[in-house]
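Close look at the chain arrangement
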2 protein chains.
Amino acid sequence: MNLAPSILAGERLALARLLSKIENNMQEGLTALNELFPHTGQAHLVGVTGAPGTGKSSLVNQLAYYYRHPIQGQTPRKIAIIAVDPSSPFTGGAILGDRIRMQDLAGDPGVFIRSMAARGSLGGLAQTTASLVQVFDAAGFETILIETVGAGQAEVDIARLAHTTIVVEAPGLGDEIQAIKAGILEIADILVVNKADRPGVESTERALQNMLQLGHPIRNMKRPEDAQDRDDEQQAQAILPIWVPPILRTVATQGDGVSELVRAISDHYQYLHDTGQWKKRERNRLQNELDNLLKDSLVARWRATISKSEYKYILDSLVERRISPHQAVESLLDGGSPGKSF
Amino acid sequence: MNLAPSILAGERLALARLLSKIENNMQEGLTALNELFPHTGQAHLVGVTGAPGTGKSSLVNQLAYYYRHPIQGQTPRKIAIIAVDPSSPFTGGAILGDRIRMQDLAGDPGVFIRSMAARGSLGGLAQTTASLVQVFDAAGFETILIETVGAGQAEVDIARLAHTTIVVEAPGLGDEIQAIKAGILEIADILVVNKADRPGVESTERALQNMLQLGHPIRNMKRPEDAQDRDDEQQAQAILPIWVPPILRTVATQGDGVSELVRAISDHYQYLHDTGQWKKRERNRLQNELDNLLKDSLVARWRATISKSEYKYILDSLVERRISPHQAVESLLDGGSPGKSF
C-alpha cells in the first residue's frame with residue numbers, strides 16, 4: 001500500500017503509520033519517501049538543543065503552544081515536534097510536571113509529536129530524523145521543532161539538520177556545563193537562557209557573551225582605518241548582513257519570553273532568505289544526508305560480498321594479535337585469501 | 001623513522017611523538033601501530049564516564065594518584081589517562097581547582113596523560129582513542145583510564161573500548177540527569193556516587209538501584225520453586241557467577257572511597273578473567289574497531305572512483321528535488337550516467 005497520497009492529503013493515521021515504517025527501515029517507507037521528496041523544502045526546521053536540566057523540553061512545548069495560539073491577527077502554524085533526547089518528556093524520561101504540561105498540546109490536530117529512542121547508532125538516528133523531517137515537510141507542517149540533548153558531537157550533527165538552531169542554557173549549572181558548550185555555541189543561531197527567574201542569570205549571559213565573541217572572530221575583527229572606532233561592529237553589519245546570535249531570557253514554565261523567542265526565530269528565517277543562506281544551508285543539509293546514506297550503502301553492499309568464514313578468519317587473526325586492525329582491513333578489502341598465513 | 005622500538009623501550013618522548021602522529025593521521029603512526037599491535041592485550045582498560053558536573057575528572061585523577069601511591073605491600077602501577085571530554089581539566093575546559101589537583105601527577109614518569117579535543121567526527125575520535133590505547137598498552141602502561149562525558153551514544157561507544165566501565169553520578173543533579181543515564185547504566189560495571197558528602201546521596205543511590213533492577217532483568221527473575229525466597233538473588237549468583245555492579249560512594253576531592261573503588265576495579269578484572277568474559281570483551285572490542293576502520297576505508301576508496309562533476313550533478317538534482325536522497329545514492333553507486341535526465 002502506497003501511503004504517500006494519504007500523507008499529502010493530510011491523513012494523520014497514515015502519517016503515524018509511515019513514520020513507524022521508516023523507523024523500522026521498511027521498504028514501504030522508502031518508497032513513500034521517494035514519492036514525497038519532491039513535495040519537501042517548505043518547512044522551517046528549528047533545532048532546539050541544550051544540556052539536560054536546561055528545561056528545553058518545556059521550551060519546545062511552549063513554542064508549539066504559542067505557534068498554535070498566536071497573538072491576534074496571526075495565523076496558527078502547523079507544528080511537528082521530533083524529540084531525539086533520552087531525557088525528554090516526549091521520549092518518556094520525563095518528570096511528572098513535564099508530562100502534565102504536554103497535555104496542552106494533546107488533541108490538537110495541528111500538532112504532531114514524534115519521539116525517538118536515542119539507542120543504537122546515532123548516525124542512523126540522524127538519518128531517520130532526516131527522513132521524518134521530510135515526511136512532516138511534505139505533509140504540510142510549517143515549523144518542525146527538532147529537540148536534541150546538546151552534549152555530544154553526534155547530537156550536534158542532528159541539530160545541523162535544522163535551518164535555525166537554538167541553544168538553551170540555564171543559570172547555575174556550573175562551570176563545567178558552560179565549558180561543554182564551547183563547541184555547540186558555534187552552531188547556535190539563537191541563544192536562550194531558560195529558567196531566567198533563577199539566580200545567576202546575569203553571569204550565565206555574560207559567559208555566553210564571552211564565548212560568542214571567542215567563537216565568532218569576524219565580530220571582533222577591527223579594520224585598520226577605524227581601529228579606534230567603537231561603532232565598527234555596527235558599520236561592518238551595514239556593509240554585510242551578519243547574523244549576531246541574540247541572547248534571550250525565558251521562563252518556559254511560565255511562558256515568559258516565548259513571544260520574543262518566536263520573533264527571533266522568524267527574524268532568522270527572514271535573514272536566511274534575504275542573504276541566500278537558506279539555499280546554502282539546504283544544500284549542506286542534503287549533502288550531509290546524501291553522504292551518510294552513501295556510507296551505509298557502501299558498507300551494506302560490501303558485507304554482501306564477503307563470506308562469513310573469511311571475515312571470521314580475519315577477526316580471529318586480529319584477536320590473536322597475528323595482524324593489526326589496519327592489516328585486517330587491507331586483507332578484507334584487497335581479498336587477502338583465507339589460506340594466507342599471518 | 002620507526003618509533004615502535006623506542007616505544008617498546010619505554011621512551012617517553014617517542015611516545016608523545018607517536019601519539020601526535022596518530023592523531024594527525026600520519027603514515028608513520030600507522031606503520032608503528034602495525035608493529036606495536038602484537039605487543040598489546042596486557043593493559044586493563046578502565047572507562048570512566050558521567051555527565052558534566054559529576055566530578056569524574058577529579059575521580060580519574062585520584063585513581064591515578066592511588067595507583068601510583070598504593071597501600072603498603074602493593075606495587076605502583078604504570079597509569080595512562082586518555083581524556084575524551086570537552087569539560088575535562090585534561091582537555092583544558094577545567095575550573096581552576098581541577099588544574100591544581102592535576103599537579104599531583106605532574107612529573108611522575110609512571111603517569112602519562114593525553115587529552116583529545118572532542119571536535120570533529122566522534123567516529124574518528126573513537127578510532128583514534130583505540131589507537132592511542134594500543135600504543136599505551138604496548139608501552140607497558142598497566143591500567144589505562146579513558147575519561148568520556150557520558151551523555152550521548154557516541155561517548156558510550158568510546159566507553160565500550162574499556163574492559164571495565166565506571167559510571168559516575170553525583171547527588172542533586174536533578175531527575176533529568178538521572179533519566180539520561182538509563183542507556184548508559186546498561187554498560188556500567190561499577191557505579192560511583194561522587195560528591196557523596198552532598199545532600200541527596202541516598203536518593204541518588206536509590207535511583208541508581210532502581211534503574212539497575214530495570215536494566216538487568218536477570219536479577220529480577222524469580223524461579224518458581226522459591227518465588228517466596230528473599231534470598232533467590234544470592235542463590236542465582238551461586239549457580240552462575242553474575243557481576244552485580246556495585247554502587248560506591250566517593251568524595252574525589254578528599255580521596256574518600258577511592259581505595260574501595262580501586263578494589264572494585266580489581267574485583268571486576270578478576271571476574272572477567274574467571275568467567276571468560278575478558279576474552280569475549282576483547283573480541284567485541286576488536287571487532288568494533290575493525291568494522292569502523294572498514295567503513296572508513298570503503299568510503300575513501302569509493303570517493304577515489306567518482307568524478308567531482310558527476311557527484312555535483314547528482315547533488316544538484318537532489319537540491320532541486322528532482323531525485324530523492326535514496327535515488328541519489330543509487331545513481332552514484334550504480335553508475336547512473338550524468339547524461340541521464342531526472
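Residues numbered from 1 in each chain as written. Chains lettered and ligands numbered in written order. Predicted model: local features only at pLDDT ≥ 70, side-chain atom pairs only at ≥ 80, totals over all residues. Heavy atoms only, no water.

Here we come to the overall build of chain A. In terms of helices and strands, chain A carries 15 helices and 7 strands. The buried share of chain A, reckoned over its 342 residues, is 52%. Counting contacts in chain A only where the partners sit at least 6 residues apart, residues at least 24 apart contribute 73% of the total. Carbon and sulfur atoms make up 50% of the accessible area of chain A, which totals about 15,200 Å². (Helix = DSSP H or I, 4+ residues; strand = E, 2+ residues; numbered from the N terminus. Buried < 20%, exposed > 50% of the residue type's maximum accessible area, 1.4 Å probe, protein only. Contact = heavy atoms within 4.5 Å. Areas by Shrake-Rupley, 256 points an atom, 1.4 Å probe, with all protein chains shown as cover.)

We now examine helix α15 (residues 325-333) of chain B. Buried within α15 of chain B are the following residues: Pro 325, Ala 328, Val 329, Ser 331, Leu 332 and Leu 333 of chain B. Backbone geometry just downstream of α15 of chain B places Gly 335 of chain B in the positive-phi region, at approximately 65°.

Residue and element names in this part refer to chain B. With parallel pairing, the 7 strands of this open sheet are ordered in space as β3-β2-β4-β1-β5-β6-β7. Of all the strands in the sheet, the pair left with one neighbour each is β3 (111-115) and β7 (247-249). Neighbouring strand axes in the sheet, compared pairwise and without regard to direction, differ in orientation by 20° on average. One ladder, built from 5 bridges, connects strand β1 (residues 44-50) with strand β5 (residues 164-169); its direction is parallel. Its bridge partner being in β5, Val 48 is matched across the sheet by Ile 166. (Pairing = 2+ DSSP bridges. Axes fitted to C-alpha atoms, helices over the stretch in contact; angles between N-to-C directions.)

This next bit is on unusual backbone geometry. All names here are of chain A. Here Arg 321, not a glycine, exhibits a phi torsion of approximately 65°, which is positive. Tracing the backbone through its elements, the reader meets Arg 321 in the loop between α14 (308-319) and α15 (325-333). With relative accessibility at 13%, the residue Arg 321 sits in the buried group.

Residues and elements named next belong to chain A. One way to put it is that helix α4 (residues 56-68) packs onto helix α12 (residues 258-275) with a least axis distance of 10 Å and a crossing angle of 80°. One element, α4, and the other, α12, form an angle in the roughly perpendicular class. Between α4, through Leu 59, Gln 62, Leu 63, Tyr 66 and Tyr 67, and α12, the contact on the second element is made entirely by Val 258, Ser 259, Leu 261, Val 262 and Ile 265. Taken together, the residues of the contact of α4 with α12 break down into 8 nonpolar, 2 polar and no charged. (Parallel < 35°, antiparallel > 145°, perpendicular 65-115°, else oblique. Nonpolar A, V, L, I, M, F, W, Y, C, P; charged D, E, K, R; others polar.)

What follows concerns the packing of aromatic side chains. We describe a pair of aromatic rings using the distance from one ring centre to the other and the angle between the two ring planes. Summed over all chains, the structure comprises 10 aromatic pairs over all chains. Their ring planes at 80° and their centres at 6.5 Å tell us that Phe 112 of chain A and Phe 141 of chain A sit as a pair that is edge-to-face. In this pair, Phe 112 of chain A is assigned in strand β3 (residues 111-115) and Phe 141 of chain A in the loop between α6 (122-138) and β4 (143-149), connecting sequence segments 29 residues apart. Judged by relative accessible area, which is 8%, Phe 112 of chain A ranks as buried. These aromatic residues form a ring-pair network of at least three members: Phe 112, Phe 136 and Phe 141 of chain A. Sitting over the face of the ring of Phe 141 of chain B, Lys 78 of chain B holds its NZ or CZ atom 4.4 Å from the ring centroid. In this arrangement the basic side chain of Arg 303 of chain B is found over the ring face of Tyr 311 of chain B, its NZ or CZ atom lying 5.5 Å from the centre. (Phe/Tyr/Trp six-rings, centres within 6.5 Å; stacked < 30°, edge-to-face > 60°. Lys NZ or Arg CZ within 6 Å of the ring centre and 35° of its normal.)

All names here are of chain A. Strand order across the open sheet formed by 7 strands is β3-β2-β4-β1-β5-β6-β7, with parallel pairing between neighbours. At either end of the open sheet lies a strand with only one pairing partner, and these are β3 and β7 (247-249). Shown here is a sheet whose adjacent strand axes are inclined to one another by a mean of 20°, direction ignored. Looking at chain direction, strand β1 (residues 44-50) and β4 are connected through 7 bridges and run parallel. Residue Val 48 lies in a different strand from β4, and its bridge partner there is Glu 147.

Here α14 of chain A crosses helix α13 (residues 277-303) of chain B at 120°, and the two axes come no closer than 10 Å. Taken together, the axes of α14 of chain A and α13 of chain B lie oblique to each other. Taken as a pair, α14 of chain A and α13 of chain B cross one another with a handedness that is right-handed. Facing α14 of chain A, whose interface residues are Tyr 311, Lys 312, Leu 315, Asp 316, Leu 318 and Val 319 of chain A, α13 of chain B presents Arg 283, Leu 286, Gln 287, Leu 290, Asp 291 and Leu 294 of chain B. Its residues placed into classes, the contact of α14 of chain A with α13 of chain B shows 7 nonpolar, 1 polar and 4 charged. (Left-handed = near helix turned anticlockwise from the far one by under 90°.)

This brings us to the pairing of strand β2 (residues 79-84) of chain A. All names here are of chain A. Taken across its 6 residues, β2 has 6 buried, putting it largely inside the fold. Going residue by residue along β2, you find Ile 79, Ile 81 and Ala 83 tucked away on one face and Ala 80, Ile 82 and Val 84 tucked away on the opposite face as well. Pairing geometry for β2 and β3, over 5 bridges, is parallel. Within β3, the position partnered with Ala 83 by the bridge is Ser 115. Relative to β4, β2 runs parallel, the two sharing 6 bridges. The residue of β4 that forms the bridge with Ile 79 is Thr 143.

The next thing to look at is the pattern of salt bridges. On inspection of all chains with the given rule, the structure shows 24 salt bridges over all chains. Put simply, Asp 108 of chain A and Arg 68 of chain A hold a salt bridge, and the shortest N to O gap is 2.8 Å. Taken together, the positions of Asp 108 of chain A in the loop between α5 (96-102) and β3 and Arg 68 of chain A in helix α4 put the pair 40 residues apart, joining distant regions of the chain. Across the pair, exposure class does not vary: Asp 108 of chain A and Arg 68 of chain A are buried alike. For Glu 28 of chain B, the salt bridge goes to Lys 21 of chain B, with nearest N and O atoms at 3.5 Å. The exposure class assigned to Glu 28 of chain B is partly exposed, which follows from its relative accessible area of 25%. Lys 21 of chain B gets classed as buried once you look at its relative accessible area, which sits at 14%. Salt bridges sharing partners connect three or more residues here, namely Glu 282 and Arg 285 of chain A together with Arg 321 of chain B. (Salt bridge = Lys/Arg side-chain N within 4 Å of Asp/Glu carboxyl O.)

Our focus in this paragraph is the confidence of the model for chain A. All names here are of chain A. Model confidence for chain A is summarised by a mean pLDDT of 81, while 75% of its residues fall at 70 or above. Note that residues 175-180 has pLDDT below 50 and, in this model, 21 contacts with residues that lie over four places away or in other chains. In the model, residues 217-230 has pLDDT below 50 throughout and makes 17 contacts with residues more than four positions away in sequence or in other chains. Across the interfaces of the predicted complex, the ipTM metric reaches 0.80, alongside a pTM of 0.73. (pLDDT = per-residue confidence, 0-100.)

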